[in-house]
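# Close look at the chain arrangement
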Amino acid sequence: MTMFRTPIALALLLSTAAAAQQQPVPAAPARAAGPAAPQGTPPGDDGAGGLVVDVTGGVSAPTPIAIPAMPTAAVVKTPAGSTDALGRQLSDIIANDLKGSGLFTPLPPSQLRAVAMGEVQAPSFDYWRGTSAQALVQGYIRANGDGTLTVGCYLYDVSSQRELAKQGFVVPPADWRRAAHKCADAVYSRLTGEGPYFDSRIVYVSETGPKGKRIKRLAIMDQDGANHRFLTNGQSIVLTPRFAPNQQSIVYMSYENERPAIYVYDLGSGRPRRVVQNASLTFAPRFSPDGQWILFSMATNGNTDLYRVSSSGGTPQRLTTSPGIDTGGSYSPDGRRIVFESDRSGGQQIYVMNADGSNQQRISFGSGRYATPVWSPRGDLIAFTKLAGNFRIGIMSPSGGGEKLLTDDWSDEGPSWSPNGRAITFYRSSRGSSGTAKLWVVDLTGINARAVPTPLSGSDPAWGPLRP
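Residues numbered from 1 in each chain as written. Predicted model: local features only at pLDDT ≥ 70, side-chain atom pairs only at ≥ 80, totals over all residues. Heavy atoms only, no water.

### Remarks on the overall build of the protein
Counting secondary structure elements, the protein contains 3 helices and 31 strands. The 468 residues of the protein split such that 56% are buried. Sequence separation of at least 24 residues holds for 48% of the intrachain contacts in the protein that already meet a minimum separation of 6. (Helix = DSSP H or I, 4+ residues; strand = E, 2+ residues; numbered from the N terminus. Buried < 20%, exposed > 50% of the residue type's maximum accessible area, 1.4 Å probe, protein only. Contact = heavy atoms within 4.5 Å.)

### Details of the sheet that holds strand E15 (residues 282-287)
One key point about sheets: their strands pair by backbone hydrogen bonds, in either a parallel or an antiparallel sense. Read across the open sheet, the 4 strands follow the order E15-E16-E17-E18; overall the sheet is antiparallel. The two strands at the open ends of the sheet, each matched to only one other strand, are E15 and strand E18 (317-318). Note: strand E17 (residues 303-310) against E18, 2 bridges, orientation antiparallel. Bridge pairing in E18 links tyrosine 307 to arginine 318. (Pairing = 2+ DSSP bridges.)

### What to know about the nonpolar core
Judged by nonpolar contacts, the single largest core of 46 residues is most densely connected at Ile65, Ile94, Leu98, Phe104, Leu155 and Leu191. In terms of residues, this core owes the most to one element, helix H3 (residues 176-192), which gives 8 residues. The next biggest cluster of nonpolar side chains, apart from the first, holds 14 residues, and it includes Leu218, Ile220, Tyr252 and Leu267. (Core = buried A, V, L, I, M, F, W, Y, C linked by side-chain atoms within 4.5 Å.)

### Some words on the confidence of the model for the protein
For the protein, per-residue confidence averages 89 on the pLDDT scale, and residues scoring 70 or more make up 88% of the total. Note on residues 25-48: pLDDT under 50 across the span, and 46 contacts to partners over four residues away in sequence or across chains. (pLDDT = per-residue confidence, 0-100.)

### Some words on the pattern of salt bridges
A full pass over the atoms with the stated rule returns 18 salt bridges. Measuring nitrogen to oxygen at the nearest pair gives 3.0 Å for the salt bridge that ties arginine 378 to glutamate 194. Linking arginine 378 in the loop between strand E23 (369-375) and strand E24 (382-388) with glutamate 194 in the loop between H3 and strand E8 (200-208), this pair joins segments that are 184 residues apart in sequence. According to the relative accessible area criterion, arginine 378 is partly exposed, its value standing at 39%. Owing to a relative accessible area of 15%, glutamate 194 belongs among the buried residues under this scheme. (Salt bridge = Lys/Arg side-chain N within 4 Å of Asp/Glu carboxyl O.)

Now the structure itself:
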């Protein structure tokens, strides 16, 4: 993939007298001569006061926000399209990101006015106060002489007429959508106090064909479904893909040669390699947070246990020895503990243990069964699939307390966390022999659930880290 020419999280746009100029000041690369200001906090602003969005209310009280089309100083054709068309699309992507969070309601087009370049840093607050908008996002796009694009992003509190955040991004045309996601991330973080998550990707299993004979391919896309592409050709069944922390590779299970085995797919070369040699029935892999280990399950002599192996290969180390099936392991974000599922007590339940396999403890004691546990990147929660009649997505604390079910459909399973630990992607299957699976996202309130668009049916989603 084409990388950003300069760091995507560039320095805050310079706060100078240029605010009065017709053209906003271009973004400048971040400098290493001292600590950076917190993300989304403009110079001289300690982040206190101003508009704040309640992240616990979900869709019950979304904040009205105005996001007019981004103007351009001159209409220039680029490989991504003309700058005037890109200005409209940038605003649409920002609006869709924020709306998808369930915390914002973008104003409809009928309430949005055209913004001139001179207004980007000097908003017409009189107009915006006449709408329902509490926050205003304005920006601009400019084509540079070296072929790159500059995108400016500004956030304002309409009531107090305060500038809350400003950022700029210099990107190659192929990555213009990332600038929109980064702008949405800056707005989201500044108004909610939560970490960003829009500039991220999802890898999943794309499915086609009847239930009994599905063709399954690895696929990757942006978190909003854009930039979709297939990674494998469907000649072998693939399952449970997971990103490496550096996002340069994906670990997954494949039934190549009709035997389940673990492979690592290199996104740069497009080549897979088998992780564990001369072993059969290996499945459910996941990288450790530092990328040094791959955690997986292996069935030997009728018993399934958790193992770990160096991500570069080698001899697996056995972590569990209990009779039964131990699988579905997931590391805590600090890499010190592992959550997994086991039927050693007679039914599927959730257990935690130290990363070396010591101190194994059961943490789930509710009715029904529990499967596919995964630790939140914030470390405060564990998501799981609850099997009690229907399949539902739930969360609990690492000690097993505070169990809460977030979905209530016929078959929801396979949770995976957003980079900020605020949302969970999963897949929902429909009934019947012709039923299909679709990707969904739900937030921690359980109120805001939405489908994620994919070209075909999809399962086994894994949300990747925030992109650099």
